[in-house]
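Single-letter residue listing:
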Amino acid sequence: MDDSTLTQQQKLKYYQKGTFTVGNRLVADEERSVQASAERSNALTSGHRACQGCGEALGARYAIDAAMRATGNDLIAVNATGCLEVFTTPYPETSWQLPWLHSLFGNAAAVATGVAAAMRVKGKKTRVVAQGGDGGTTDIGFQCLSGMFERNDDVLYICYDNEGYMNTGVQRSSATPPAARTATTPALGPEPGNVFGTGKFVPKIAVAHGIPYVATATVADLRDLEAKVIKAMGITGARYIQINVPCPLGWGAPSYDTIKLARLAVECGLYPIFEAEHGRITQSRKIRRQVPVRDYLILQKRYAHLFRNGVDDPRVQRLQAICDAHIEEYGLLGDDAEA
Amino acid sequence: MEHDFAITLDVGTSLANHTGTWRTFRPDYVHRLPPCNAACPAGEDIQGWLSFAEAGEYEAAWRALTKNNPLPAVMGRVCYHPCETACNRSQIDAAVGVNAVERFLGDMAIAKGWAFAPPTQKSGKKVLVVGAGPAGLSAAYHLAMLGHEVTLREAGPAPGGMMRFGIPKYRLPRDVLDAEVARIADLGVRIEYNSKVSDLQATIKEGGFDAAFLAVGAHIAKRAYIPAGEATKILDAVQVLASMEGAEKPLLGRRVVVYGGGNTALDVARTAKRLGAEEAIIVYRRTREKMPAHDFELEEALEEGVMMKWLSTIKHVDAGAITVEKMKLDEAGFPQPTGEFETLEADSVVLALGQDVDLSLLDGVPGLEFSDGLVKVGPDMMTGAKGIFAGGDMAPSERTVTVAVGHGKKAARHIDAFLRGETYAPPPKHELASFENLNPWYYGEAPQTLRPTLEIARRSSTFEEVVKGLDESNALYEARRCLSCGNCFECDNCYGVCPDNAVIKLGAGKGFKFNYDFCKGCGVCEAECPCGAIAMAPEEI
Ligand SMILES: Cc1cc2nc3c(=O)[nH]c(=O)nc-3n(C[C@H](O)[C@H](O)[C@H](O)COP(=O)(O)OP(=O)(O)OC[C@H]3O[C@@H](n4cnc5c(N)ncnc54)[C@H](O)[C@@H]3O)c2cc1C
Ligand SMILES: Cc1ncc(C[n+]2csc(CCOP(=O)(O)OP(=O)(O)O)c2C)c(N)n1
Ligand code: SF4
Ligand SMILES: [Mg+2]
């Protein structure tokens, strides 16, 4: 065996088949994901009423199972109003397998701060996760969130970003991408869909708060997502993870394409995946098989107006320019795609 | 319990809510036929044995392999591996090196002395096998494993057929062949050498055989009429190659011309080089693209200095020289003469124009049918004569060792059924696992391992094996490149990606099952299954 094959082989993390899969029968248990384990906590158990193929249901189980593993199940969750609350907990039943609290649409960060303070006062080591949709986080809940960051409260806040107010019928949020059709940005008129040049990207705002840890993730890269949640639970202070969770209903996509869409959102550069600590970006996840943004958009009915009559709307190129800018800004191209 | 307004359920978990009723499509675990298996003329379950090999369970891999093919060390050297041509991985980077792993397993079995487990029950039936080439050896092995008493009669002094008297040593060392034949003999197969069958009917009667399998190969060299002067030296390729097994090596001279374009022509030319010829030129009437020999064989020959004369036919042979006529291809791709001639110096001319079958042993057998000098067989490998089966080069088919092994196996299964007065029905085949059934995202980048080759200098002077084997780490790496097309490899993806926890993990080696009480039929598992082992079907509503 010469040296070049050796290094190639060493580069393979989980052997040739299984590097990107949930588990792998050929590796030791501790090298497998939390989701591969028959003993995972299934924090969000069966019988919930999320739509078929719901990315948010999947992302929440991925994240909370990992957080439970990291804290030895000593964890309380606080939930903002939104699909995740409604489809899991229509009184009197609940899908949650951990202590779980719901108060209002806009105050999850503040409630979580309070729970964390209560645990401290009671001398308990119980950790706290707050979670909400993009609407509950980037819009109505933003003030509470910013306060939680600024005070460096010991809470991990997870935002499940499905790019709209899905629970109330798919309205626009400040996380809805340009050109996307929602109930409040219809595909009508000279500029159909959401306008360009508005909205905000909360992960960057979180970084600007200088908090200990910020990360983005998707349901398409489970190992990356779990690693980030586990890392976050090893840190004290305010932490923020935003997870891209495709919504088949709101995005107008087949239920089976949920993970594919999250993967394409990353591979085209539209959804940058990175980590930041104390105000500085420390790492970005490289694109593995780059695709044009068109490949991502064309699978979703919310962008159907960009592809009418067999011609691409010029705004496809404006979206591509956004991807290109992300690639540049976050350094998304490079060699360590396997790292 | 009394409920408040609009509340229908007791306080409890959502497990009471059976969301499986939402389902309009239903996922199921399926097996699909990997393209390698579909392409293997010996009917090997390649994906199956690779799955043991990639776990480092080499003996289990070898046992799974030899269920279908008793000659893996031979096969891992001479098979033209149509499995690799069909391999889905070639659409990602390069095909899995199936042939190299097969050889690794075969060599390991020889080194470790692994033996076949003989059957515990005997059938009491006697079967005659004629010819100890790959077809005969394969049939004898499978018949013996099925409990029948096998007598293998071979005209020559040693086993192997064309594997010994055709394929040169530098491609197939004889100790490898001997080891794999010995293992078959150890099963209790009686092999009688120098024991040509010249009257089949009489032999069957005298021996009291209940059935016979014929595999006499094709050994009579085809001749072409070439006007030749006196003192010219014209030889047959099969004769030259066969004499390499004897004490007296053939005398070919310094300049050797080989006539033909198949793998036999290449083997003769390469052999001539090793015997000391300064020039070995292959004269072939068509082009490289039309040559029946495989590209890699031609490459190896060219590396060793064999020269090619394309689009040429031999018109005349004289002492020390030949005359060739240049050809050109017509619109239909057939070579046509041009009237342009050329002279080449040649001490000998070896004809490699193919072989015919010696059918004399069949004289007087009623019911047989022939076509183009070959014995016709049915889909069950039985000839027109009841209880007499045939395969390998003597039956109409592609002529390779692997096809011959496949014929032997197939015939054995039909003979077994025939002996019980039944007919053998092969199990139905699964639907093919096409590349479109896979989700290639999940496979890591992993280029193919190339087998080392002997340095050129030693290839022109010795008969040492040219292509070397893989070591264990290489073989393991190569086995792990397999995508497991169409068959679950327990990656846990379905178990992980279900938003409804509707996949139950049954534990190592046991796979998974769906919990249809909660499966909503979203299809994410099917879309994210790397290997196409899940299928969605409309639910009956
Ligand atoms: C030079 C050369 C190179 C080749 N290279 C390859 C290769 O690399 N890969 C590949 O897959 N294929 C190769 N082939 C083809 C392959 O060898 C044959 O297709 C295969 O050996 C056929 O197997 P068989 O069992 O039908 O016959 P054979 O291998 O020809 O065996 C027939 C046996 O029957 C015996 N026999 C004949 N008549 C009688 C009788 N009346 N009584 C008793 N015994 C008898 C013969 O002595 C012989 O041992 C090559 C062929 C040649 C000639
Ligand atoms: C103060 C207040 N305003 C409006 C609502 C109605 N409401 C409930 S959920 C929701 C949208 C939630 O959107 P998001 O936070 O993105 O979560 P998703 O449902 O998309 O997961 C709205 C507007 C409310 N519950 N409270
Ligand atoms: S609407 Fe979207 S987010 Fe809500 S349950 Fe359905 S798929 Fe999930
Ligand atoms: Mg939302």
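Because the structure is predicted, anything quoted here is derived from the model rather than measured. Within each chain, residue numbers correspond to sequence positions counted from 1 in written order. All chains are assigned letters beginning at A, and all ligands numbers beginning at 1, according to the order in which they are written. Two thresholds apply to this predicted model, a pLDDT of at least 70 for residue-level local features and 80 or more for giving and counting side-chain atom pairs, whereas whole-chain, interface and lining totals are computed over all residues. Note that the side-chain values use all heavy atoms of the structure and ignore hydrogens as well as water.

A. Quick peek at the environment of Cys-531 of chain B. Numbering of helices and strands starts at the N terminus; helices are DSSP runs of H or I of at least 4 residues and strands are runs of E of at least 2. One can find Cys-531 of chain B in the loop between helix H18 (524–528) and strand E22 (534–538). Residues in contact with Cys-531 of chain B, not counting those within four places in the same chain, are Asn-437, Leu-438, Tyr-443, Leu-483, Ser-484, Cys-485, Gly-486, Asn-487, Cys-488 and Phe-489 of chain B. The contact definition used throughout considers only heavy atoms, calling two residues in contact when any of these lie within 4.5 Å.

B. Expanded view of the site of ligand 2. Residues and elements named next belong to chain A. In these notes, residues near a molecule or strand are those with any non-hydrogen atom within 4 Å of it. Of all residues adjacent to ligand 2, which total 16 residues, the nearest are Glu-56, Cys-83, Gly-135, Gly-136 and Gly-164. Cys-83 places a polar main-chain atom, nitrogen or oxygen, 2.8 Å from an oxygen atom of ligand 2. We define a polar contact as two N or O atoms separated by no more than 3.5 Å, with the added condition that, inside protein, one atom must be a possible hydrogen donor and the other a possible acceptor, whereas residues neighbouring each other in sequence contribute only through side-chain atom pairs. Separating an oxygen atom of ligand 2 from a side-chain N or O atom of Asn-162 is a distance of 3.0 Å. Relative to its unbound accessible area of 580 Å², ligand 2 is 72% covered by the protein chains. The greatest single-element share of the shell around ligand 2, amounting to three residues, is contributed by helix H5 (residues 134–139). Each residue is assigned to one class: nonpolar for Ala, Val, Leu, Ile, Met, Phe, Trp, Tyr, Cys and Pro, charged for Asp, Glu, Lys and Arg, and polar for all the others, Gly among them. Its residues assigned to classes, the shell around ligand 2 shows five nonpolar, nine polar and two charged. A 1.4 Å probe and the Shrake-Rupley method give the accessible areas. Residues count as covered only by the protein chains that appear here.

C. Inspection of the site of ligand 3 at higher detail. Residues and elements named next belong to chain A. The environment of ligand 3 is made up of Ala-50, Cys-51, Cys-54, Cys-83, Phe-87, Asn-162, Cys-247, Pro-248 and Leu-249. Looking at the shell around ligand 3, the elements that each hand over two or more residues are helix H3 (83–88) and helix H9 (248–251). Among the residues making up the shell around ligand 3, the classes are represented as eight nonpolar, one polar and no charged.

D. Local environment of the sheet that holds strand E3 (residues 100–102) of chain A. Residues and elements named next belong to chain A. If you walk across this open sheet you meet the eight strands as E3-E1-E4-E5-E7-E6-E8-E9, and the pairing is mixed. Each having just a single partner strand, E3 and strand E9 (280–284) make up the two edges of the open sheet. Each strand axis lies, on average, 20° off the axis of its neighbour in the sheet, ignoring direction. By definition, two strands form a pair when at least two bridges between them are found by DSSP. Axes here mean lines fitted to C-alpha atoms, for a helix over just the part in contact, with angles spanning 0 to 180 degrees between N-to-C directions.

E. Main features of the pattern of salt bridges. Only one rule defines a salt bridge in this text: a Lys or Arg side-chain nitrogen within 4 Å of an Asp or Glu carboxyl oxygen. Applying the stated criterion to the full structure yields 60 salt bridges over all chains. Here Arg-294 of chain A ties to Asp-312 of chain A by a salt bridge, and the two come within 2.6 Å at their closest N and O atoms. Note that Arg-294 of chain A is positioned in helix H11 (residues 293–297) and Asp-312 of chain A in the loop between H11 and helix H12 (315–330), a separation of 18 residues in sequence. We classify Arg-294 of chain A as partly exposed; its relative accessible area is 32%. Remark: exposure states derive from per-residue accessible area (1.4 Å probe, protein chains only) relative to the maximum for the residue type, with buried under 20%, exposed over 50%, and partly exposed in between. Judged by relative accessible area, Asp-312 of chain A falls into the partly exposed class, the value being 36%. Here Glu-278 of chain B and Arg-254 of chain B are joined by a salt bridge, their closest N and O atoms 3.0 Å apart. Of this pair, Glu-278 of chain B sits in the loop between helix H12 (263–274) and strand E10 (279–283) while Arg-254 of chain B sits in the loop between helix H11 (237–243) and strand E9 (255–259), and the two are 24 residues apart along the sequence.

F. Local environment of the pairing of strand E12 (residues 312–318) of chain B. Residue and element names in this part refer to chain B. Of the pairings in the sheet, the one linking E12 to strand E13 (residues 321–329) comprises six bridges and is antiparallel in character. Residue pairing for E13: Ser-312 is matched across the bridge by Lys-326. Hairpin remark: E12 followed by E13, antiparallel, with two residues in the connecting loop; positive phi at Gly-320, about 85°.

G. Main features of the state of the cysteines. Residues and elements named next belong to chain B. Any two cysteine sulfur atoms within 2.5 Å of one another count as a disulfide. As enumerated under the stated definition, the model contains zero disulfides over all chains in all. The thiol sulfur of Cys-40 is not disulfide-bonded, and the nearest other cysteine sulfur, from Cys-83, lies at 6.5 Å. Cys-40 sits in the buried class, given a relative accessible area of 13%. You can call Cys-83 buried: its relative accessible area is 7%.

H. Molecular detail of empty space enclosed by the protein. Residues and elements named next belong to chain B. Cavity means a closed set of points on a 1 Å grid over the protein atoms alone, one where a 1.4 Å probe fits but cannot get out, pocket means an open set with protein on both sides within 12 Å along at least 5 of 7 lines, and lining means a residue has an atom within 4 Å of a point. Grid points are joined across faces, edges and corners, and a volume is the space filled by probe spheres set on the points. Going through the model one piece at a time under the given rule, you end up with seven cavities of 30 Å³ or more. Taken together, the elements giving at least two residues each to the lining of the largest cavity come down to helix H1 (35–39) and helix H2 (46–53). Tallied by class, the residues present in the lining of the largest cavity amount to eleven nonpolar, three polar and one charged. Estimated volume of the second largest cavity: approximately 90 Å³. Split by residue class, the lining of the second largest cavity holds eleven nonpolar, two polar and two charged.

I. Quick look at the interface of chain B and chain A. Contact residues are listed per partner, giving 55 residues for chain B and 54 residues for chain A. When chain B packs against chain A, the two sides together hide about 4800 Å² of surface, and 50% of this comes from carbon and sulfur. Its largest share of buried area at the contact with chain A, chain B owes to Trp-441, Arg-480 and Asn-501 of chain B, together 17% of the area lost on that side. Residue Arg-25 of chain A is joined to Glu-54 of chain B by a salt bridge in which the shortest nitrogen-to-oxygen separation is 2.9 Å. In this assembly, chain B and chain A are joined by 35 residue pairs in polar contact (both at pLDDT 80 or more). Residue assignment for the side of chain B that touches chain A shows that the elements contributing at least two residues are strand E1 (12–13), helix H16 (472–480), helix H17 (493–497) and H18 of chain B. Per-class residue counts for the side of chain B that touches chain A are 26 nonpolar, 15 polar and 14 charged. Pairing geometry for strand E2 (residues 93–94) of chain A and E1 of chain B, over two bridges, is parallel. Across the sheet, the residue bridging to Glu-93 of chain A is Gly-12 of chain B, located in E1 of chain B. The term buried area denotes the loss of accessible surface (1.4 Å probe radius) that occurs when two parts are joined, taken as the sum for both partners.

J. Seen up close, the packing of aromatic side chains. Planes of paired rings set the category: under 30 degrees apart is stacked, over 60 is edge-to-face and the rest tilted, where pairs are Phe, Tyr or Trp rings (Trp by its six-membered ring) whose centres lie within 6.5 Å. Applying the stated criterion across every chain yields a total of 20 aromatic pairs over all chains. Relative to Phe-104 of chain B, the ring of Tyr-58 of chain B lies with its centre 5.3 Å away and its plane at 75°, an arrangement referred to as edge-to-face. Placement of Tyr-58 of chain B in helix H3 (residues 58–66) and of Phe-104 of chain B in helix H6 (residues 98–112) is noted, with a sequence separation of 46 residues between them. Residue classification places Phe-104 of chain B among the buried positions, given a relative accessible area of 10%. Ring pairing ties together the aromatic residues Phe-201, Tyr-271, Phe-274 and Tyr-330 of chain A, which thus form one cluster.

K. Structural context of the UniProt feature "domain: Thiamine pyrophosphate enzyme TPP-binding" (unreviewed entry) in chain A. Per the UniProt record, the feature "domain: Thiamine pyrophosphate enzyme TPP-binding" (unreviewed entry) sits at residues 81–242 of chain A. Counting secondary structure, residues 81–242 of chain A comes out at 33% helix and 17% strand; the distance between its end C-alpha atoms is 17 Å. UniProt positions are given in the numbering used here, feature names are shortened, and annotations may be inferred rather than shown by experiment.

L. Up close: the sheet that holds E12 of chain B. Residues and elements named next belong to chain B. The three strands lie next to each other as E12-E13-E14, forming an open sheet whose pairing is antiparallel. Both outer strands of the open sheet, E12 and strand E14 (335–345), are each paired with one neighbouring strand and no more. Here the strands of the sheet are splayed against their neighbours by 20° on average, with no regard to which way each runs. Relative to E14, E13 runs antiparallel, the two being bridged by eight bridges.

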